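Take a look at the letters that make up each chain.
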Amino acid sequence: FLRTLLSVHWAHCSTLHRGPTLPTSALPVSPLLYTFLKERSSVQLLATVLWAAVSSRLSAFSFCGSSGPGYLQQKLFGAVVMDDFISAFLKNASGKNFQKLSMEFLPHYSALVSKVGGILSPETLGCIQKAIREGKLSDLVGQIQEALAAAEKASLAIAVIGESGAGKSSFINALRGLSHEAEESATVGVVETTMHRTPYQHPKYPQVTFWDLPGTGTPNFLSDTYLEKVEFASYDFFIIISSSRFSVNDALLAQKIKDVGKKFYFVRTKVDSDLYNEEKTKPTTFKKERVLQQIRDYCLANLSDIGVSEPRIFLISNFDLADFDFPKLEETLLMELPGHKRHTFALLLPNIADASIEIKRNFLKEKIWLEALKSAAQSFIPFMPFLNGFDLPEQEQCLKDYRRYFGLDDKSIEEIAAQLGTSVEDIRGSLKCLDFWSLVKDDSIAAKIVKGAESFYAVEGGPGSSVIQGLKVYILRLKFLDTVADDAKCLLNMIKTGNTA
């Protein structure tokens, strides 16, 4: 059996590197293969050959026009990290060296977490480490399942407050990805259109609600009774908006929010209008960065004068979120939200720039890593892959979910086509993520051998089943994710080019 697997792997390497000799660097797993052969570990060898088989499928795949061995290795780096951890997991779990495995968990997890934080809370990380240290794989699976379920179902209530005409409704519509003319958009007007607190659900994430609250200085609500009437305890955080200067009532409100342990953020809107007016009135001396700094300094002085210490201010345009401070606001909110809510907020962010797409990609990579670890742990149990595996129906749903997260679902594609004035067929023709079968079909001999080994080990359970299922979940999900994320970047570039034209 080992000789058969080795011949398949060697044939695969020869296909990738045609020449008189085959260097050990021809494939990222080749050095690992020789080590595993030396140790006569059939389980680890099987993992390596599975890795080689799936890598061959990825190597033939083009990511938005990029190709070549260097680019492929860059795309597969995360998977190499996962392969290392699975190898460590198998070696230590099968040898019952759980103490060492628990020590290796956090470094691997930390390497995958985004700079704005991860899904798992410190408490959950502690519970997972404890489960690994005590060798309780069922507890490990339970902790991961619970954390992922909490992230999927997390509700988020965002309060947006400001005077009439400050841009509250426009801000809400922008975050919900809706135009002002959309039927379900928040009402926009220059007079006080919000007479009471009004909820607006996100069209794709119904568990996320934006609350448009009346301005604190309107006759409808006075500042001394405001917080009680708007039920301030029900919100996760507050966005206090102004299009000019912040008021004393804004400062009083911020202090009361702080007193109850909630987060608040000052947002200065309509910065694009200020820049336009400044350039029109002072065309020869106009400098964009200087004007922005003047606006920021004015807001800081204004808030300091009315009693807000060390205020954080974000300058934005509701009509061009990619400009100014909105990306910084995104990162700040993500860093300060609890882990499970952080995941929800990351997914709803509009694709305004490559950086926003990368934020989503990084959060989903972490989730993939956890899914793969869970699958590897539970696949020690005989027959479990048949009951709870990652097969074609689950794979197809996974790809659909990723498309929805990145705004590449059918409805979004139709809206983008209308926005660009082009046909839906033209848009769909430029996207690789729409063809599910091209991403999963593989009739190679290596794939057939791996499929047979997968079924054999699924019946027995143990390390062999664990490594196959863990790598299968990780590599396929990562392939789907990278395909969709790269398509999203390509489409964003098309939108920018179309808007410029």
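Since this is a predicted model, take the numbers as computed values, not measurements.

Colleague: I tried to follow a nonpolar patch on the surface on my own but got confused; where do I start?
Modeller: Taken together, Phe 383, Phe 386, Leu 387 and Val 459 make up a surface patch of nonpolar side chains, about 430 Å² in accessible area. Structurally, the position occupied by Leu 387 is in helix H16 (residues 384-388).

Colleague: Hey, could you run me through the pattern of salt bridges in this one?
Modeller: Side chains carrying opposite charge are able to pair once their charged atoms draw close together. The full count for this structure, using the stated rule, is 21 salt bridges. Notably, a salt bridge pairs Lys 136 with Glu 134, separated by 3.3 Å at the nearest N-O pair. Using a relative accessible area of 39% as the deciding quantity, one classes Lys 136 as partly exposed. You can call Glu 134 partly exposed: its relative accessible area is 41%. When the shortest N-O distance is used, the salt bridge between Lys 489 and Glu 358 registers 2.6 Å. Highlighted residues: Lys 489 in helix H22 (residues 462-500) and Glu 358 in helix H15 (residues 354-378), separated in sequence by 131 residues. By relative accessible area, which is 24% here, Lys 489 ends up partly exposed.

Colleague: Whenever I open this one, helix H12 (residues 288-305) confuses me. Can you help?
Modeller: For an α-helix, 3.6 residues make a turn, and residues three or four places apart therefore share a direction. Between its first and last C-alpha, H12 extends 26 Å over 18 residues, near the 26 Å set by a 1.5 Å rise per residue. Listed in full, the buried residues belonging to H12 are Val 291, Leu 292, Ile 295, Cys 299, Asn 302 and Leu 303. The arc that holds every buried residue of H12, seen down its axis, measures 100°, which confines them to one face. Exposed residues on H12 whose side chains face more than 90 degrees from its buried face are Glu 289 and Asp 305. Against strand E5 (263-268), helix H11 (271-281) and strand E6 (313-315) lie the buried residues of H12. With its phi angle positive at about 100°, Gly 307 sits one or two positions after the end of H12.

Colleague: Help me out: how do you make sense of the pairing of strand E3 (residues 208-212) in this one?
Modeller: Taken across its five residues, E3 has five buried, putting it largely inside the fold. Taken together, the five bridges between strand E1 (residues 156-162) and E3 define a ladder with parallel strand orientation. Residue pairing for E3: Ile 158 is matched across the bridge by Phe 210. Across four bridges, the pairing between strand E2 (residues 198-201) and E3 is antiparallel. Following the sheet pairing, Thr 198 is matched in E3 by Asp 212. The turn linking E2 back onto E3 is made up of six residues.

Colleague: How should I be thinking about the sheet that holds E5 in this particular structure?
Modeller: Either a parallel or an antiparallel arrangement is found when strands of a sheet pair, and the pairing is made through backbone hydrogen bonds. Judged by pairing direction, the sheet is mixed, and its six strands sit side by side in the order E2-E3-E1-E4-E5-E6 without closing on themselves. Of all strands in the sheet, those with a lone pairing partner are E2 and E6, marking the two edges. Sheet twist, expressed as the average angle between the axes of neighbouring strands with direction ignored, equals 25°. Contacts from helix H8 (residues 168-175) reach E1, E2, E3 and strand E4 (237-242), with the element oriented near 170° to E3. Contacts between helix H13 (residues 326-336) and the sheet are confined to E4, E5 and E6, with E5 contributing the most and set at about 175° to the helix.

What counts and how
- Residues numbered from 1 in each chain as written.
- Predicted model: local features only at pLDDT ≥ 70, side-chain atom pairs only at ≥ 80, totals over all residues.
- Heavy atoms only, no water.
- Patch = residues over 30% accessible without salt bridge, like charges linked within 9 Å, V, L, I, M, F, W, Y side chains within 5 Å.
- Areas by Shrake-Rupley, 256 points an atom, 1.4 Å probe, with all protein chains shown as cover.
- Salt bridge = Lys/Arg side-chain N within 4 Å of Asp/Glu carboxyl O.
- Helix = DSSP H or I, 4+ residues; strand = E, 2+ residues; numbered from the N terminus.
- Buried < 20%, exposed > 50% of the residue type's maximum accessible area, 1.4 Å probe, protein only.
- Expected span 1.5 Å × (residues − 1).
- Arc of directions from axis to C-beta.
- Contact = heavy atoms within 4.5 Å.
- Pairing = 2+ DSSP bridges.
- Axes fitted to C-alpha atoms, helices over the stretch in contact; angles between N-to-C directions.

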